[in-house]
Amino acid sequence: MSKITTEHLARGAYVYIRQSTADQLTHSHESRRRQYGLVDRARQLGWTTVEVIDDDLGRSGGGIARPGFGRLLAAICETRVGAVLAIEVSRLARNGRDWHTLIEFCGLVGTIIVDEDGIYDPRRPNDRLLLGMKGTMSELELSLFRQRSQQALKQKARRGALVLGVAAGYIKVGRDRIEKNPDQRVRNALQLVFAKFAEFQSARQVPIWLRDEGIELPVKSRAGEARGVVWRCRPTISCTTF
């Protein structure tokens, strides 16, 4: 007996599309094409109304805010969704909370879940068990990715090759070298800070003196500011640690 009923077809089919990072958006075009291709799959299965949710492109499935996923859950609760289509479970969620919430909502309102492997009805015990296992495996996979990444960073740090960011007083040369900023004004400011620290022997007194004297310090620029460094005349302890 088919798991797709006239009740499912009377509602819409929602295709959920997600890629985890901006790098994937730039380079993994084929994955995105496969996901958008699910629209044709939904029509082949009998749906005439197909909605695409791609608000979460460039967002991880590991638990961060995902407006598209929230919109999908809202549509399910309003019984507007007959089926949720995704290439694989990891596109829908990479953490147990989100995944089991989705399964629970789909089971309550009679929404089926479709991926490349098959069609699942969360109201059926066997399908619910299989969906739960798929979610658990996806969550474990993400955990292993993170663990490997952290171990690689630690190993790089142990040999002194880890460079996550360069402070305002320095520049990055090549892939693994750091040198003092060649800008003489930046160098003078850097020397002044260390000279005053040697004089006062206090990390707290240095920014107080700099503020009282109205001396500007270089700070790493942020989005919307000029590239390189910007100069600020109200230093704090945090902004002197460059």
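Treat the numbers as computed from the prediction; the structure is a model and nothing was measured.

**Student:** I'd love a proper account of the overall build of the protein chain, names of residues and values included.
**Tutor:** Broken down by element type, the protein chain carries 10 helices and 9 strands. Here the protein chain, with 242 residues, has 37% of them falling under the buried criterion. Here the protein chain displays about 14,100 Å² of accessible surface, and carbon together with sulfur accounts for 52% of that area.

**Student:** An account of the packing of helix 5 (residues 67-77) against helix 7 (residues 96-109) is requested, with residue identities and associated values reported.
**Tutor:** It is at 9 Å that the axes of helix 5 and helix 7 come closest, and there the two elements cross at 20°. Regarding the angle of helix 5 to helix 7, the classification is roughly parallel. Along this stretch, helix 5 crosses helix 7, giving a crossing that reads as left-handed. Counting all contacts with helix 5, which are made through Phe69, Leu72, Leu73, Ile76 and Cys77, the residues of helix 7 involved are Asp98, Thr101, Leu102, Phe105, Cys106 and Val109.

**Student:** Could you give me a rundown of the nonpolar core, with the residues and numbers involved?
**Tutor:** With 22 residues, the main nonpolar core has Leu72, Ile76, Val84, Leu92, Trp99 and Leu102 as its most contacted residues. Elements with a minimum of two residues in this core: strand 1 (12-16), helix 5, strand 3 (81-85), helix 6 (89-92) and helix 7. Residues Ile4, Val15, Leu38 and Ile112 belong to the second largest nonpolar core, which totals 14 residues.

**Student:** Describe empty space enclosed by the protein, with residues and values.
**Tutor:** Gaps left between atoms are located by rolling a probe of water-molecule size over the structure's atoms. Per the counting criterion, the structure on display carries 1 cavity of 30 Å³ or more. Roughly 30 Å³ of internal volume is contained in the largest cavity. Contributing to the lining of the largest cavity are Val84, Leu85, Ala86, Glu88, Val89, Leu92, Trp99, Ile113, Val114 and Asp115. Among the elements of the structure, strand 3, helix 6 and strand 4 (112-114) are those that each provide at least two residues to the lining of the largest cavity. Of the residues contributing to the lining of the largest cavity, the split by class is 8 nonpolar, no polar and 2 charged.

**Student:** Help me get a handle on the state of the cysteines, residues and values and all.
**Tutor:** Within the structure shown, the criterion is met by 0 disulfides. Cys77 takes part in no disulfide bond, and the closest cysteine sulfur to it belongs to Cys106, at a distance of 9.1 Å.

**Student:** Kindly report on the packing of aromatic side chains, identifying the contributing residues and their values.
**Tutor:** Evaluated as defined, the whole model comprises 2 aromatic pairs. Geometrically, the ring pair formed by Tyr16 and Phe69 is edge-to-face, given 6.2 Å between the ring centres and 75° between the ring planes. With a gap of 53 residues between them, Tyr16 in strand 1 and Phe69 in helix 5 connect regions that are remote in the sequence. The same class applies to Tyr16 and to Phe69, which are both buried. For the pair Phe200 and Trp209, a centre-to-centre distance of 6.4 Å together with 55° between the ring planes defines the contact as tilted. Taking NZ or CZ as reference, Lys196 lies 4.2 Å from the ring centre of Trp209, over its face.

**Student:** Explain the packing of helix 7 against helix 8 (residues 125-158) to me, using residue names and the numbers behind them.
**Tutor:** It is at 10 Å that the axes of helix 7 and helix 8 come closest, and there the two elements cross at 160°. Taken together, the axes of helix 7 and helix 8 lie roughly antiparallel to each other. Between helix 7 and helix 8 the crossing geometry is right-handed. Along its contact with helix 7, which presents Gly96, Trp99, His100, Ile103 and Glu104, the element helix 8 presents Arg128, Leu131, Gly132, Gly135 and Glu139. The residue makeup of the contact of helix 7 with helix 8, split by class, is 3 nonpolar, 4 polar and 3 charged.

**Student:** Give a detailed account of the pattern of salt bridges, specifying residues and quantitative values.
**Tutor:** A complete count under the given rule lists 16 salt bridges for this structure. Of the charged contacts in the structure, one is a salt bridge between Glu216 and Arg185, with a shortest N-O distance of 2.8 Å. With Glu216 in the loop between helix 10 (205-213) and strand 8 (217-220) and Arg185 in helix 9 (residues 184-200), this pair connects stretches of sequence that are 31 residues apart. Look at Glu216 and you get partly exposed, because its relative accessible area is 33%. According to the relative accessible area criterion, Arg185 is partly exposed, its value standing at 42%. The network of salt bridges with shared partners includes Glu51, Asp55 and Arg71.

**Student:** Now, about the environment of Thr5: what can you tell me, with residues and values included?
**Tutor:** Mapped onto the secondary structure, Thr5 falls in the segment before helix 1 (6-10). Owing to a relative accessible area of 31%, Thr5 belongs among the partly exposed residues under this scheme.

Cut-offs and rules
Residues numbered from 1 in each chain as written. Predicted model: local features only at pLDDT ≥ 70, side-chain atom pairs only at ≥ 80, totals over all residues. Heavy atoms only, no water. Helix = DSSP H or I, 4+ residues; strand = E, 2+ residues; numbered from the N terminus. Buried < 20%, exposed > 50% of the residue type's maximum accessible area, 1.4 Å probe, protein only. Areas by Shrake-Rupley, 256 points an atom, 1.4 Å probe, with all protein chains shown as cover. Axes fitted to C-alpha atoms, helices over the stretch in contact; angles between N-to-C directions. Parallel < 35°, antiparallel > 145°, perpendicular 65-115°, else oblique. Left-handed = near helix turned anticlockwise from the far one by under 90°. Contact = heavy atoms within 4.5 Å. Core = buried A, V, L, I, M, F, W, Y, C linked by side-chain atoms within 4.5 Å. 1 Å grid on protein atoms, 1.4 Å probe; cavity = no way out; pocket = protein on both sides within 12 Å on 5 of 7 lines; lining within 4 Å. Points joined across faces, edges and corners; volume = space filled by probe spheres on them. Nonpolar A, V, L, I, M, F, W, Y, C, P; charged D, E, K, R; others polar. Disulfide = S-S within 2.5 Å. Phe/Tyr/Trp six-rings, centres within 6.5 Å; stacked < 30°, edge-to-face > 60°. Lys NZ or Arg CZ within 6 Å of the ring centre and 35° of its normal. Salt bridge = Lys/Arg side-chain N within 4 Å of Asp/Glu carboxyl O.

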